[in-house]
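Listed below, chain by chain, are the residues.
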Amino acid sequence: MHVFLPDGKRLDLPEGATALDAAKMIGPRLAQDALAATVGGELTDLMTPLPGGAAITLITKKNPGDAAPLFRHSLGHVLSQAVGEYYVARGFAHEAVKRGVGPAIENGFYQDFDLPQPLSEEEFPAIEALMRDILSRNLDITRAEVGKDRALAQFSYDPYKVELIAALPDAEPITFYSQGDYVDLCRGPHFPRTGALPSAFKLMSTSSAYWRGDASNPTLQRVYGVAFAGQKELDEYLERLEEAKRRDHRRLGKELELFTIDPLVGKGLPLWLPNGTVLREELTRFLREQQFQRYYQGVITPNIGNLELYKTSGHYQNYSDSNFSPITVDDEQYMLKPMNCPHHVRIYASKPRSYRDLPVRLAEFGTVYRYEQSGELNGLTRVRGFTQDDAHIFCRPDQLKTEFLAVLDLTVLVLGTFGMTDVRFRVGVRDASKDKYVGSDANWDAAEAQIIEAVGEVGLPFTVEPGDAAFYGPKLDFVIKDVIGREWQLGTIQVDYNLPERFDISYVGEDGADHRPVMIHRAPFGSLERFVGILIEHYGGDFPLWLAPRQVVLIPIADRHNAYAEELQAELHRAGLRAEVDDSSSRMNAKVRQAELSKIPVMLIVGDKEQEERAVSVRERTPEGHKERKGVQFAELKTELLERYQTRS
RNA sequence: GUUCUUGUAGCUCAGUGGUAGAGCACUCCCUUGGUAAGGGAGAGGUCGUCAGUUCAAUCCUGACCAAGAACUCCA
C-alpha cells in the first residue's frame, strides 16, 4: 500500500504500517521527533495502522499544540493511572478503582471514577505529583487489538468497562492502550510515550456525573484537568478564568448593588436593587422606543391564568415538570403564567379581525414563572421568575416573511447596540420524537423552511439543530459566548401555526371567509434578567453612560466647594442625568478611588479654580484607563453629557 | 432533581472543644486636600437552622436550609 506526504510524494509501505513506520522510512530523526499524525485531515496517532492511499502529515515536537486533543486524552490516561496507583498505595485493591469514560475536552480532559472513597481536591497535589512521575518514567504507550472475550476478561472487575465492551459491535476490533502496567479500553488516539506529554497541566476540580449521562444511573466522581502544549498557554488560560471570575455577574451584582437573591423571598427570585432597576428600565425604554417605531402595541396581562387556558395552549400538558403547581380557588384552578402567548392570543380573539387589521403586533414586558430545577438556578441568568420582552405578531401567511425579516432586523439592531458581535444563530427544528410536538407536519415543514429561507436571505451564518424546536413551532435563537466560552441563549424568534389552530383564531379575508393567521413569537433580549446578567459580564460592570446606574459623581476638593457641587448636581438631575455629590470628609484622591471602584463613568472635580469660572474638571473612565479635561465650562459639559445620554453613544 | 464542596460582622476572609478576630464599609472627632487609600476613636456577630455527642460545641456527628461546581434539564 502507499500514502501521500504533504509535498505530494508517494510513499510505499507494507500492509498494516503505521504513521511511525512512515516516519522511520523518511528518517530516523523524524521518527524520534514525531508525536502524532493527521490522516486525510483527521488527527490520529503513530500506532494506528494507516489506510491505503491517504494523505498524511506528521506532527512533531516542534508544534505539539496541533495534537492537543491527543495529549489531553493521553494525560487523561495518566490521571487514571495515577489515581489507580494512589489508591493502591493507600492499601486498596487494584480492582477497587473502577473507571467510566475519560475523553479529551476543550482545554483539557476529564476522567470518571467509581472510587472506594471519594477523592478530595486537597489530594490533587499528590495526584499531580504522581502524574509527573509517570511522565518522567517515559513509558511507551502501546496499542493492541483484542477480541471481545479477552477484553471482557481483562475488565471483569469493572462493571462500567464490561458494559461498554458488551455494547461494542462484534465485527470491529476492540483496542487497548497501555502504558507500563496500566491498560485501558480505548479507541485512541494517543501520544507515543508519556515522556513526550507536556507537563503544563493542572487538575481543576472534581464533581459528579451520571454514568452515561443518564440521571437514573449511579453517579461517578469526575476529575477535571486542563492541559496545554506549554506553560505559557496554561498560564494564559488560568488568567482568563480569573478574568471571568472578576466579571462574574453575581459578584459584580453584589459589588455594584444591582440585584440580590434572598432565601426568605425564594430561590431563583431575584430582587432588583435601585442600581439594577435603572439598568433594567433603560433597557425597557430603549426597546419600547424601537417597538413604537415599528408599530407594536403594548398590552398588559395578569401573572396567573385559568388552567383551562394552558390546557388549550398545551403548555400545561407539555411542560408539566417546569410549571409551578396549580392553585385551587373556588373550584377553579389557576396557574402561574409560564408563557405570555396564550394571554396574547385571547387579546387577539377579543374582537373580530379583518385582513386589513393585520399584522397585529402585541408587545408586553411580561413576567412569567417556571419551576426550574434547583440545581439549574444561577444568578440572573437562570431564575424561576423573569420578565420577557415578549411580543406576538399575528399576520397573514403572505406577510410572514416580511414580518420575520423585520423582527430579525430589530434583533440585529438590538445586539449591535450592545456591541454583541460574536453571536451564533441557531435554527431549532423538530427531531424524530414527534409526539413531543403539536400540529400538522405540513405546518411544521412550512414554518421550518420559511425560517431557514429568511435567515439565509439576510446572509447570517447559522446552524440547524434538530430537537431544539419549541413544542408548538420551530425557532431561531441567538446565542452568545461569554468570556470563558459558555454559551447563553439570548433572544428568540419563533414561527407558530399551531397555537392559532388550538385557539381557533381567525381573520376575515378579502373573500369574506375566515382565515387562520400565523403567529410570530419574539423576544430580542430573551428575558430582562438573563440579558442584564449577560450584559454585566459583557461590559465587566463598565456600562456605557446611558446604561450606567450612577452616571456622574461630583467631587468637591474641600468642604467649602460642597455648595457649588450640590448646585451643579441639582442642575444635572433636573436635566435627567443621574448625578451625585461625594461630600464625605475623605481626601479627593480617596473620592476618585471610590468612584473608580464603583465604575462611575464621569467624575467632575470642583475646587476654587472651577468654582470661579463656573467650570468643572472632568475625569472619565475609558477602556484604556482614564481621560482628564480641565477647566471645562459646566454648561457645555451638561449639553455634551445629555447628548451622549440621549443618543446612547 | 442528583453528587461533591462551602456557610464566621454589611463585604472579603482569618481562627479555636472553654461562647470570637483582621482589612474594607459604617458612626463620631481631627484633617481641607488637585486626579486610585490622611490620622484617631467607636459601634457592629445566637459563628446558616435544628437536633445529638460532651462537664463544655462556632469547632465533632446527623438532618434541614442556602450558595458554588458538575451532571441532567431549559417554552
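Residues numbered from 1 in each chain as written. Chains lettered and ligands numbered in written order. Predicted model: local features only at pLDDT ≥ 70, side-chain atom pairs only at ≥ 80, totals over all residues. Heavy atoms only, no water.

Draft legend 1. View of the protein's contact with RNA strand B. As a structural note, the neighbourhood of RNA strand B is formed by 47 residues, with Ser322, Ser374, Ile557, Arg593 and Ser617 the closest of them. Among all atoms of RNA strand B positioned within 4 Å of the protein, those belonging to sugar or phosphate total 43%. Contacts to RNA strand B include Arg250, whose side-chain N or O atom sits 2.8 Å from a phosphate oxygen. Of all the secondary structure elements, the ones that give two or more residues to the surface near RNA strand B are β12 (201-210), β13 (219-227), α8 (249-255), α18 (588-597), α19 (608-613), β32 (615-622) and β33 (625-633). Of the residues that constitute the surface near RNA strand B, the class distribution is 13 nonpolar, 15 polar and 19 charged. (Near = heavy atom within 4 Å. Polar contact = N/O pair within 3.5 Å; in protein donor to acceptor, adjacent residues only side chain to side chain. Helix = DSSP H or I, 4+ residues; strand = E, 2+ residues; numbered from the N terminus. Nonpolar A, V, L, I, M, F, W, Y, C, P; charged D, E, K, R; others polar.)

Draft legend 2. Looking closely at the sheet that holds strand β30 (residues 579-581). What the 5 strands build is an open sheet, ordered β30-β29-β31-β32-β33; its pairing is mixed. Both edges of this open sheet fall to β30 and β33, since each of them pairs with a single strand only. Across the sheet, the mean angle from the axis of one strand to that of its neighbour is 20°, orientation sign disregarded. Two elements, β32 and β33, share 7 bridges in a ladder whose sense is antiparallel. Bridging across to β33, Thr622 finds its partner in Gly625. Taken strand by strand, helix α17 (residues 562-574) contacts β29 (552-556), β30, β31 (602-606) and β32, and its axis lies near 165° from that of β29. (Pairing = 2+ DSSP bridges. Axes fitted to C-alpha atoms, helices over the stretch in contact; angles between N-to-C directions. Contact = heavy atoms within 4.5 Å.)

Draft legend 3. Spatial organisation of the pairing of strand β11 (residues 182-185). Pairing geometry for strand β10 (residues 174-179) and β11, over 4 bridges, is antiparallel. Across the sheet, residue Ser178 finds its bridge partner in β11, namely Val183. Two successive antiparallel strands, β10 and β11, enclose a turn made up of 2 residues, where Gly180 displays a positive phi of approximately 60°.

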